[in-house]
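# Structure assessment
Here are the chains, one letter per residue:
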Amino acid sequence: MPPPRPPQRPAAPGVGRTGASREITKAGVMLETAGLTPTSQGTRITWSDGALQRADGPFTGDGDVVGGYALTRCKDKAEALEWTERFLRIHPEHWTVTAEVREIAES
């Protein structure tokens, strides 16, 4: 039997899966799919036990599976990391969610 889930904190107005999606769309940062730079140029941000942790690439052989993706248009990596952290914080604290932030490879 799985352990009971801790109570979830109520989200701020306009925040949550749908609210965050609307916020990111309204900000004009959503894009389409494209090739990415190597993981050696990436940063992963993990939300676990109510805390954020960052790790710079490369990321190899860890067996993780990508369950979804979002591409954003940001002025620089710092802004991309900020949007990613805001998105990860909407998830319940007992979840472990990792996002990898990488630039779109220009041809």
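See the structure printed just above.
Residues numbered from 1 in each chain as written. Predicted model: local features only at pLDDT ≥ 70, side-chain atom pairs only at ≥ 80, totals over all residues. Heavy atoms only, no water.

## A short note on the overall build of the protein chain
What the protein chain contains, in helices and strands, is 2 helices and 3 strands. Of all 107 residues assigned to the protein chain, the portion counted as buried reaches 25%. In the structure as shown, the protein chain presents an accessible area of about 8000 Å², 52% of it carried by carbon and sulfur atoms. (Helix = DSSP H or I, 4+ residues; strand = E, 2+ residues; numbered from the N terminus. Buried < 20%, exposed > 50% of the residue type's maximum accessible area, 1.4 Å probe, protein only. Areas by Shrake-Rupley, 256 points an atom, 1.4 Å probe, with all protein chains shown as cover.)

## Describing the sheet that holds strand β1 (residues 43–48)
Taking strand neighbours across the sheet as the criterion, the 3 strands line up as β2-β1-β3 in an open arrangement whose pairing is antiparallel. Looking along the sheet, the strands with just one partner apiece sit at the ends: β2 (51–56) and β3 (97–101). Mean inter-strand twist for the sheet, computed between neighbouring axes without regard to direction, equals 20°. Two strands pair when backbone bridges link them, and β1 and β2 are joined in this way by 6 bridges, in the antiparallel orientation. Residue T46 lies in a different strand from β2, and its bridge partner there is Q53. Contacting β1, β2 and β3, helix α2 (residues 77–88) crosses the sheet at an angle of about 20° to β1. (Pairing = 2+ DSSP bridges. Axes fitted to C-alpha atoms, helices over the stretch in contact; angles between N-to-C directions. Contact = heavy atoms within 4.5 Å.)

## Concerning the packing of aromatic side chains
According to the stated counting rule, one finds 0 aromatic pairs in the structure shown. Its guanidinium or amino end placed over the ring of W83, R86 lies 4.5 Å from that ring's centre, counting from NZ or CZ. (Phe/Tyr/Trp six-rings, centres within 6.5 Å; stacked < 30°, edge-to-face > 60°. Lys NZ or Arg CZ within 6 Å of the ring centre and 35° of its normal.)

## Topic: the nonpolar core
Membership of the largest hydrophobic core is limited to 8 residues, which are I45, W47, A80, L81, L88, V97, A99 and V101. Elements with a contribution of two residues or more to this core: β1, α2 and β3. Setting aside chain neighbours within four positions, we find W47 in contact with L52, L88, R89, H91, P92, E93, W95, T96 and V97. (Core = buried A, V, L, I, M, F, W, Y, C linked by side-chain atoms within 4.5 Å.)

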